[in-house]
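Notes for the structure review
Residue strings, one per chain:
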Amino acid sequence: MVWVILLSLSPGGFSWWTILCVMTGSTVGISLGLLCCIYVATLHENDLWFSNIKEVEREISFRTECGLYYSYYKQMLKAPSIQQGLYELIHDNTTESKRTINILQRMNIYQEVFLSILYRILPIQTYLEPIYFYIYTVFALQTVYVIALFITSWLLSDSWLAGALSGVWYILNRVDTTRVEFTISLRENWSIPFFALQVAAITCYLRPQLKPIHQRVVLWLVFVSTFCFCLTWQFNQFVLLVQALIIFTLDCLDFLTTEQVVSLYLMQVLSLLLVWLLQFCNSMILGSLVLIYLLIPAVCVCGFQTGLKTGGFVIRVGKLALHTLLVLTLTFTINYSAKKILQLKSDEHIFKFIKAKFGFGATRDFDASLYLCEEAFGLLPLDTFERLAGTVLLYPYLCTLSVITGAHKHPEAFTNGSGQASREKEDRTFKMRPDVAYNLLHTVFFGLLAFSTMRMKYLWTGHMCPFAAFGVCGKEVWSLYLRVLHCNTKTMMRLIRYSVPIVILAFLYYKFWPRLMEEISELREFYDPDTVELMEWIRLKTPKRAVFAGSMQLLAGIKLCTGRVLTNHPHYEDQALRERTRQVYQIYARQSAEEVHKVLCSVGADYIVLEDSICYERRHSRGCRLRDLLDLANGHIMDGPGENEPDLILATHPRFCEAIKTDMTPYSTLFTRVFKNKTFHVYKLKKLKKKNKAENGP
């Protein structure tokens, strides 16, 4: 990649000074990446005292779906051979009771498979535990992430100082740019570094005057990074859809050639199709909007748009509007038809959530409400901007965004400068480069996505760093300022481009270095004795093939720590699993003991684990507690003071998770409590004897 940067910065050849600058910048970029890796690893160690706690405590620290993903890495290592491990994943009957599913098809866990194989073949078993090999690999990806941001800002501004500023900003804004130190196994922590690499490769690909041979090399980098991104995250299709819309917009505004558009689309299509094949024809990919958009309307319509970018301004806008309408209509029509014909419902819950979030769907839908009630899927909190402003990131970012966007007040300014205006007019008009235009739209589109859904902010805040650094170190923004001041000389430009970032870096060092040292010196310790006690009891006192029912988050930990069979789990991208989860969650609803017992027996449960933190939940407000969501889905009036919709009725049964603790009939007839501590209650289902066979025939 460094070689490509060298060629892209000096397409006509390079001097020793250029080589020295590239080597210096590369050293700084790698150093910042390693610093970030060490920083998050130290925070993780100090927060949990990870090196000194028991193995079960280490595994419990992989909360919710993180534990589920890590369990497959552990399962592969425990298998007698790699072939046997792969067979068990492809024919898995422990993740969902009474079902055999293909984990490699359902989930994006090739990274766990790859790491388990790598750990087996490398001579590191004697001095590095499997869990450390796993977490260190994830932390090492932060090095890749920072280097990718460094490269992007360097390419945009032609200054490695921008890369240094970008890397420092990323580290200082850790709270808003990543959560890797406490959610290690989350798919986004694997995929976003590859997405940042892809953005860097696209930025390089769109640089002016890049030779064809270099373009082909960079295009392969785009493909590899896109493929890795898609392979490691199930929500890749939605991110790529936004990116495809960015490319489409750039095409409409004449920033890209048809060859560039088709090439970038083709890299996305090939990546998605390859992942689709590796995931055994996963239906979620096949029915994705982005694949339909890329395969049919965009590529096909591309062949008919030769005359779309000709004519006067009004005619051209009209043609582009018609083109856009045609593409979107074809996309949604074909996508809707394909899902109906093929009965694809894997991502149905996501579109329910989107419709409900913007007021177009039923608010009582259980799946949609689970997302709507989580803070991570709400609007971006305003205190995010306070933190970003505190590290001096927000101000240059907004200045860069407003100056570059505001520089275009006339329609002709939205071109890449290929028109036949006079030289004098060209000198006064800001000509946006294609790579700058891409990054501008990238930060705008993903910024809007982050505003609407807080969890998506990690796709935006990381990119803020190179974009703001480009504004500080690039020529484009400063040239506009200096023109206004009538002092746009090469000497003044160099002075500002090098002095301002150095001043900012010095200020950040002075203000934040002591805070970082204080932060990494704080020592805490993992403490969750109730969960540890539960896991140890399950491991020692229950059969290895026992089936457990409970909350998705807890069951993921049970699978990791004990290897027991689950009724449901947090990987929600399956319609049948979502329905099963809603049924199992009736243990927190107002249902009769007989009905709950019947449901649990139908999914093969032997034990249920009830959590007081859910049964008596106070974290969410009324209407968003899990028991409220279940009541609404069942048409029952919610607990506590407050308004209820008029069509809701009073439930005829008490809440199951409360009533079962009374140990009265019929609860004592159907369930037996076998474990209890301050947090958890475990009940064993009693198997009802069949009625006299004579009543049912011979």
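An unreviewed UniProt entry lists the protein under the name Dpy-19 like C-mannosyltransferase 3, from Cyprinus carpio.

Turning next to the state of the cysteines. Tallying each qualifying case throughout the model produces two disulfides. The side chain of Cys-373 participates in a disulfide bridge whose partner is Cys-624; the two sulfur atoms lie 2.1 Å from each other. Residues Cys-373 and Cys-624 are joined through a disulfide that is left-handed, its torsion about the S-S bond being -75 degrees. Separated by 251 residues along the polypeptide, Cys-373 in the loop between helix H19 (366–372) and helix H20 (383–390) and Cys-624 in the loop between helix H31 (612–615) and helix H32 (626–634) bring together distant segments of the chain. Should the bonded cysteines of the protein be numbered as they appear in the sequence, the pairing reads 1-3, 2-4. There is no disulfide at Cys-473, and the cysteine sulfur nearest it, in Cys-465, is 13 Å away. Accessibility expressed as a relative area gives 0% for Cys-473, which makes it buried.

Here the focus is the packing of aromatic side chains. For the structure on display, the rule yields 38 aromatic pairs. Centre to centre, the rings of Tyr-134 and Trp-190 are 5.8 Å apart; their planes meet at 65 degrees, and the pair counts as edge-to-face. With Tyr-134 in helix H8 (residues 130–157) and Trp-190 in helix H11 (residues 187–205), the pair connects residues that are 56 residues apart, well separated along the chain. You'll find Tyr-134 and Trp-190 in the same group, each marked buried. Seen in terms of ring centroids, Phe-353 and Tyr-371 are 5.6 Å apart; in terms of plane orientation they differ by 45 degrees. Their pairing is tilted. With Phe-353 in helix H18 (residues 348–357) and Tyr-371 in helix H19, this residue pair connects regions lying 18 residues apart in the sequence. Relative accessible area serves as the criterion here: at 8%, Phe-353 is assigned to the buried category. Residue classification places Tyr-371 among the buried residues on the basis of a relative accessible area of 13%. Over the ring of Phe-50 we find Arg-58; its NZ or CZ atom is 5.4 Å from the centre of that ring.

Here we come to helix H26 (residues 490–521). The end-to-end C-alpha distance of H26, which contains 32 residues, comes to 46 Å, matching closely the 46 Å that a straight helix rising 1.5 Å per residue would cover. Along H26, the residues that are buried comprise Met-493, Ile-496, Arg-497, Pro-501, Ile-504, Leu-505, Leu-508, Phe-512 and Leu-516. Against helix H2 (16–48), H8, helix H9 (160–172), H20, helix H24 (458–473) and helix H25 (475–484) lie the buried residues of H26.

What counts, and where the lines are drawn
- Residues numbered from 1 in each chain as written.
- Predicted model: local features only at pLDDT ≥ 70, side-chain atom pairs only at ≥ 80, totals over all residues.
- Heavy atoms only, no water.
- Disulfide = S-S within 2.5 Å.
- Helix = DSSP H or I, 4+ residues; strand = E, 2+ residues; numbered from the N terminus.
- Buried < 20%, exposed > 50% of the residue type's maximum accessible area, 1.4 Å probe, protein only.
- Phe/Tyr/Trp six-rings, centres within 6.5 Å; stacked < 30°, edge-to-face > 60°.
- Lys NZ or Arg CZ within 6 Å of the ring centre and 35° of its normal.
- Expected span 1.5 Å × (residues − 1).
- Contact = heavy atoms within 4.5 Å.

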